[in-house]
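What follows is the residue order along each chain.
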Amino acid sequence: MGLTMRERKAVIKQTAARYRRSSKKQKAKILDEFVETTGYNRRYAGWILRNWCKKRYIRLDGQLIEVVMRSDIGVEAVKGAPEIDLLDQSL
């Protein structure tokens, strides 16, 4: 039996921080450990570790909006557009 989703998210959170501040050689070792622990495909695992809590910017009605994406909860924060309901299913 593998890890639960909650356990995977905890592993991602810890590993992503370590991965970002590592050298290229260290990143390869960290990625190998992460793939072994989670069972993710190596390419997907690398993408997760590179993009965890990364800020994105979108343009909506001519206004630049900052969006922080996390795979565990979806959209964490939206700055610059408090009136937007991102969970609106009618769109």
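Now for a look at the structure at hand. For clarity, every value in this text was computed on a predicted model and none was experimentally measured.

1. Looking at helix α2 (residues 24-38)
Between its first and last C-alpha, α2 extends 21 Å over 15 residues, near the 21 Å set by a 1.5 Å rise per residue. Of all the positions in α2, only Ile30, Leu31, Phe34 and Thr38 are classed as buried. Seen from one end, α2 has its buried residues packed into an arc of 105 degrees, which puts them on one side. In α2, the exposed residues that point more than 90 degrees away from the buried face are Lys25, Lys29 and Glu36. Those residues of α2 hidden inside the fold are in contact with α1 (5-20) and α3 (42-51). Taken from the residues just after α2, glycine 39 is the one with a positive phi, measuring 85 degrees.

2. Points about the environment of tyrosine 57
You can see tyrosine 57 is positioned in strand β1 (residues 55-60). For the pair tyrosine 57 and valine 67, spaced ten residues apart in sequence, the C-alpha separation works out to 5.8 Å. Apart from the residues lying within four places of it in its own chain, the contact partners of tyrosine 57 are Leu64, Ile65 and Glu66.

3. Some remarks on the packing of α1 against α2
Packing of α1 against α2 leaves a shortest axis separation of 10 Å and a crossing angle of 175 degrees. When the interaxial angle is binned, α1 and α2 end up roughly antiparallel. Seen from α1, the contacting residues are Arg8, Val11, Ile12, Thr15, Arg18, Tyr19 and Arg20; seen from α2, they are Lys27, Ile30, Leu31, Glu33, Phe34, Thr37 and Thr38. Tallied by class, residues from the contact of α1 with α2 come to six nonpolar, three polar and five charged.

4. Examining the nonpolar core
Counting residues in hydrophobic clusters, the biggest one holds twelve residues: Val11, Ile12, Ala16, Tyr19, Ile30, Leu31, Phe34, Tyr40, Ala45, Ile48, Leu49 and Trp52. Those elements that place two or more of their residues in this core are α1, α2 and α3. Ranked by residues supplied to this core, first place goes to α1 with four residues. Non-local contacts of alanine 16, meaning those with residues more than four positions away in its chain, are made with Leu49 and Trp52.

5. Side note on the side chain of asparagine 51
For asparagine 51, the location among the structural elements is in helix α3. Classification of asparagine 51 by relative accessible area gives buried; the value is 13%. Here the side chain of asparagine 51 touches tryptophan 47 through a polar contact of 2.9 Å, landing on its backbone oxygen.

What counts, and at which threshold
Residues numbered from 1 in each chain as written. Predicted model: local features only at pLDDT ≥ 70, side-chain atom pairs only at ≥ 80, totals over all residues. Heavy atoms only, no water. Helix = DSSP H or I, 4+ residues; strand = E, 2+ residues; numbered from the N terminus. Expected span 1.5 Å × (residues − 1). Buried < 20%, exposed > 50% of the residue type's maximum accessible area, 1.4 Å probe, protein only. Arc of directions from axis to C-beta. Contact = heavy atoms within 4.5 Å. Axes fitted to C-alpha atoms, helices over the stretch in contact; angles between N-to-C directions. Parallel < 35°, antiparallel > 145°, perpendicular 65-115°, else oblique. Nonpolar A, V, L, I, M, F, W, Y, C, P; charged D, E, K, R; others polar. Core = buried A, V, L, I, M, F, W, Y, C linked by side-chain atoms within 4.5 Å. Polar contact = N/O pair within 3.5 Å; in protein donor to acceptor, adjacent residues only side chain to side chain.

Don't take any of this as a statement about function, it's just geometry.
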